[in-house]
Amino acid sequence: MVLKVFFPSCCSSAESGILIGRWISEQNSAVILAVVHFPFIPVQVKQYLSEVQRVTKVSVSVLGSWSNSKQEKEESLSEFLEDLGTIFSHEPWIQISKEGDSKFWSCSTLQKHSNNPKEEEIILVYYDQRKVMLSHLHPPLATATSTDHKADDASKLSAVFDTVAKSKILFMTDRYDDGPIKLTHWQSDGVEASIIVELMKQASVPACMLLTFLLSLISGICRSRVLKFWPLSFLWSKLSTCEQLGHRLQHLQVISSNKKAQNQTQLMRKANIFVSLLIDVALGILLMSWLYRKNRIGHLADTLIPVADHVAEELQDLLQWLMGAPAGLKMNRALDQVLGRFFLYHIHLWISYIHLMSPFIEMILWYVGLSACLGLTVALCILSDIIALLTFHIYCFYVYGARLYCLKIYGLSSLWRLFRGKKWNVLRQRVDSCSYDLDQLFIGTLLFTILLFLLPTTALYYLVFTLLRLLVVIVQGLIHLLVDLIDSLPLYSIILRLCRSYRLAAGVKFRVLEQQDGKPLRLLMQINPLSYGSVIQTYRLPTYSCYPKDSWTSLCKKLFLGELIYPWKHKGEKQD
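Throughout this document, residue positions are counted from 1 along each chain, in the order its sequence is written. Local features in this predicted model are restricted to residues whose pLDDT is 70 or higher, and side-chain atom pairs enter the listing and the counts only when it is 80 or higher, whereas totals over whole chains, interfaces and linings include all residues. Water and hydrogen atoms play no part in the side-chain values, which are based on all heavy atoms of the structure.

Going by the annotation in an unreviewed UniProt entry, the name recorded for the chain is Phosphatidylinositol glycan anchor biosynthesis class Q, with Aquila chrysaetos chrysaetos given as the source organism.

Visitor: Explain the overall build of the chain here, please?
Guide: Numbering of helices and strands runs from the N terminus; a helix is a DSSP stretch of H or I covering at least four residues, while a strand is a stretch of E covering at least two. Helix and strand counts for the chain come out as 18 helices and 13 strands. For every residue, the accessible area obtained with a 1.4 Å probe (protein chains only) is divided by the maximum for its type, and the residue is called buried under 20%, exposed over 50%, and partly exposed between those limits. Looking at the 576 residues of the chain, the share that counts as buried comes to 39%. Contacts: residue pairs with any heavy atoms within 4.5 Å of one another. Residue pairs in contact within the chain that sit at least 24 positions apart in sequence constitute 71% of those at least 6 positions apart. Each accessible area is a Shrake-Rupley estimate made with a 1.4 Å probe; only the visible protein chains count as cover when residues are assessed. Accessible surface computed for the chain: about 34100 Å², of which carbon and sulfur atoms make up 63%.

Visitor: Explain the UniProt feature "transmembrane region" (unreviewed entry) in the chain to me, please; I cannot follow it from the model alone.
Guide: UniProt positions are given in the numbering used here, feature names are shortened, and annotations may be inferred rather than shown by experiment. When the UniProt feature table is mapped to this numbering, "transmembrane region" (unreviewed entry) covers residues 203–222, 273–292, 338–357, 364–391, 397–419, 440–464 and 470–495. Helix makes up 95% of residues 273–292 and strand 0%, and the two end C-alpha atoms of the span are 28 Å apart. As annotated, residues 440–464 comprises 100% helix and 0% strand, and the C-alpha atoms at either end are separated by 35 Å.

Visitor: What's the story with the packing of aromatic side chains in this structure? I'm lost.
Guide: The description of an aromatic ring pair rests on the distance of the ring centres and on the angle between the ring planes. Pairing of aromatic rings covers Phe, Tyr and Trp, the last counted by its six-membered ring, and requires centre-to-centre distances within 6.5 Å; plane angles under 30 degrees mean stacked, over 60 mean edge-to-face, and any other angle means tilted. A full pass over the atoms with the stated rule returns 16 aromatic pairs. With a centroid separation of 5.2 Å and an interplanar angle of 50 degrees, the aromatic rings of phenylalanine 397 and phenylalanine 465 are classed as tilted. One end of the pair, phenylalanine 397, is in helix H14 (residues 392–419); the other, phenylalanine 465, is in helix H15 (residues 438–488), and 68 residues separate them in sequence. Classification of phenylalanine 397 as buried rests on a relative accessible area of 0%. Think of it as a cone above the ring: NZ of Lys or CZ of Arg counts as a charge over the ring if it is within 6 Å of the ring centre and within 35 degrees of the ring normal. In this structure, arginine 497 packs its charged tip against the face of tyrosine 532, placed 4.6 Å from the ring centre.

Visitor: Could you clarify how one ought to interpret the nonpolar core in this entry?
Guide: Buried Ala, Val, Leu, Ile, Met, Phe, Trp, Tyr and Cys residues form a nonpolar core when they are joined through side-chain atoms within 4.5 Å. Counting residues in hydrophobic clusters, the biggest one holds 36 residues, and the most contacted among them are Val31, Val45, Val62 and Tyr127. At 5 residues, the largest contribution of residues to this core is made by helix H4 (residues 147–166). If sequence neighbours within four positions are ignored, tyrosine 127 has contacts with Phe6, Phe7, Pro8, Ser9, Val31, Ile32, Leu33, Val132, Val164 and Met525. Counting residues in each nonpolar core, the second largest holds 20 residues, with Ala30, Val35, Ile94 and Trp105 among its members.

Visitor: I keep staring at helix H1 (residues 42–56) and nothing clicks. Help me out?
Guide: A turn of α-helix holds 3.6 residues, and therefore any two residues three or four places apart point the same way. For H1, spanning 15 residues, the distance from its first C-alpha to its last is 21 Å, which sits close to the expected 21 Å at 1.5 Å a residue. Among the residues making up H1, those that are buried are Val45, Leu49, Val52 and Thr56. Seen along its axis, H1 keeps its buried residues to an arc of 60 degrees; they face one direction. Exposed side of H1, more than 90 degrees from the buried face: Val43, Gln47 and Arg54 are the residues found there. Expected helix span is computed as 1.5 Å times (number of residues minus one). Each direction from the helix axis to a C-beta atom contributes to the arc, which is the arc of those directions.

Visitor: Can you help me understand the pattern of salt bridges in this one?
Guide: Opposite charge on two side chains permits them to pair, given that their charged atoms come into close proximity. We define a salt bridge as a side-chain nitrogen of Lys or Arg found within 4 Å of a carboxyl oxygen belonging to Asp or Glu. If you walk through the whole model with that rule in mind, you get 4 salt bridges. Its salt-bridge partner being arginine 248, residue aspartate 487 comes within 2.9 Å of it at the nearest N-O pair. Taken together, the positions of aspartate 487 in helix H15 and arginine 248 in helix H9 (residues 240–256) put the pair 239 residues apart, joining distant regions of the chain. Summarising the burial analysis for this pair, aspartate 487 and arginine 248 share the class buried. Among the ionic pairs, aspartate 432 bridges to arginine 430, the shortest N-O distance being 2.9 Å. Among the residues examined, arginine 430 registers a relative accessible area of 42% and is labelled partly exposed. In this structure, a network of salt bridges that share partners links the residues Arg248, Asp280 and Asp487.

Visitor: It is not clear to me how the pairing of strand S11 (residues 430–433) should be interpreted in this structure. Could you clarify?
Guide: If a strand is regular, its side chains alternate between the two faces of the sheet. Here strand S10 (residues 422–425) runs beside S11; their pairing, made up of 4 bridges, is antiparallel. Across the sheet, residue asparagine 425 finds its bridge partner in S11, namely arginine 430. The loop that links S10 with its antiparallel partner S11 comprises 4 residues; one of these, glutamine 429, has a positive phi angle of about 55 degrees. Two strands qualify as a pair provided DSSP detects at least 2 bridges between them.

This is the structure:
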């Protein structure tokens with residue numbers, strides 16, 4: 001049977017002593033955590049290990065002896081190390097020795113209490129104690145046929161990673177502590193280096209309490225009955241700025257919560273939210289500083305009115321073209337003139353409204369620009385809402401054309417069923433047979449003929465305004481994609497993967513250091529980091545989406561039947 005010994009590389013130059021660690025009997029492996037140097041008192045060592053075991057919940061014990069003799073090996077030292085196996089009874093007793101400047105190591109096991117001792121093949125695996133302690137081993141994400149095998153290997157590795165991570169108290173001892181036991185392991189900077197961190201933690205407590213109080217006050221105002229009345233509730237649910245503010249309010253509540261993260265996933269989620277908020281606010285402040293420099297707000301306000309006039313003129317020219325003979329098509333002149341004048345009147349009203357608001361536009365933009373200090377995502381959502389308000393007349397044209405086109409489509413389909421002797425059963429939601437008399441067939445024929453000949457004119461107006469509406473929706477969709485990208489991108493995890501890739505471990509790989517007959521196989525365990533795609537998939541933050549997630553088939557069906565494409569989600573639709 002193969003015995004695997006995981007030995008920390010930081011202990012390779014330690015002085016002679018005993019090995020303490022955890023024995024994993026299921027895997028027939030030993031995880032060495034530290035070396036206790038001479039001289040020591042065995043009772044004190046046992047008391048220290050029992051205290052460590054009580055705190056860490058890890059069965060830490062003495063596993064064997066370590067000999068690092070720079071001179072020729074002394075027989076007395078060798079015999080003394082073997083006798084330690086009777087004091088610290090452990091089966092098997094592992095003996096690791098390094099002789100002088102030689103690169104060869106010897107590793108053997110003693111089984112004094114076994115009647116039939118078996119010679120075991122030993123594999124000595126070096127690992128970086130600091131990296132293994134700080135890393136988090138992720139389960140495999142693949143769903144292939146070898147998933148069970150990968151999961152089994154991951155569970156074996158997780159036992160090693162958990163042992164080192166839970167024994168963190170061993171590595172946080174003060175380097176200047178003159179205690180009765182001297183250890184060699186990965187040495188942290190001790191208590192002295194954490195004074196600044198502890199002071200920052202203590203200073204952050206009242207700040208978090210104040211922030212929690214303010215957020216609870218704001219949440220109470222948002223949940224008050226005043227906002228549940230119709231105009232305010234409609235605006236709160238439809239404006240993307242309100243949705244984004246509510247989303248960021250939830251993020252602030254998560255960050256300022258005094259509840260400690262229970263696992264690595266919750267800790268990474270908090271860190272990702274904090275970094276996302278920090279970068280979002282930083283980009284918003286940069287945008288705000290750019291807007292208020294060199295009077296760019298005034299230039300933007302002066303440009304807005306001519307652009308709105310130009311868009312209105314283009315729409316008027318488009319309607320004049322539709323009221324004539326567009327592309328040589330023969331339209332119903334009466335309906336064409338009615339629809340054209342109706343839409344021209346709406347454009348006239350819109351131009352009058354824009355010019356009425358023109359003296360206040362610069363002031364409005366000046367105050368709107370201040371909202372960029374809340375974050376770049378809030379500024380982008382305000383931009384999306386401004387585009388929606390400036391193109392409201394296009395949305396009205398689209399709604400009028402879609403409703404008229406939808407009415408004719410459903411009227412033609414109903415009259416077509418009348419010709420075939422069928423009708424739509426509303427209660428059973430199906431088509432049933434029905435008998436009609438002569439008068440009903442005559443009236444149905446007249447109505448079908450009228451609707452059929454008026455359909456091309458209505459369809460042309462519907463097509464033109466639907467294209468304009470889709471153009472606006474695409475622009476708003478691109479803005480919301482950028483907002484969702486900033487909200488959902490796990491920036492802290494990506495930075496951690498870039499700078500400290502071993503912190504996000506997907507697995508390990510082994511490199512052969514020494515392989516010789518009669519000597520233990522020496523391997524170096526190296527951490528395989530998660531790929532960037534797996535990092536984003538694992539730690540991606542949930543986002544809101546105000547747009548309905550329709551498939552291409554349902555979208556084309558809605559466009560063909562004249563159903564409205566709303567820029568928000570319906571109440572009955574579920575959100576991922």
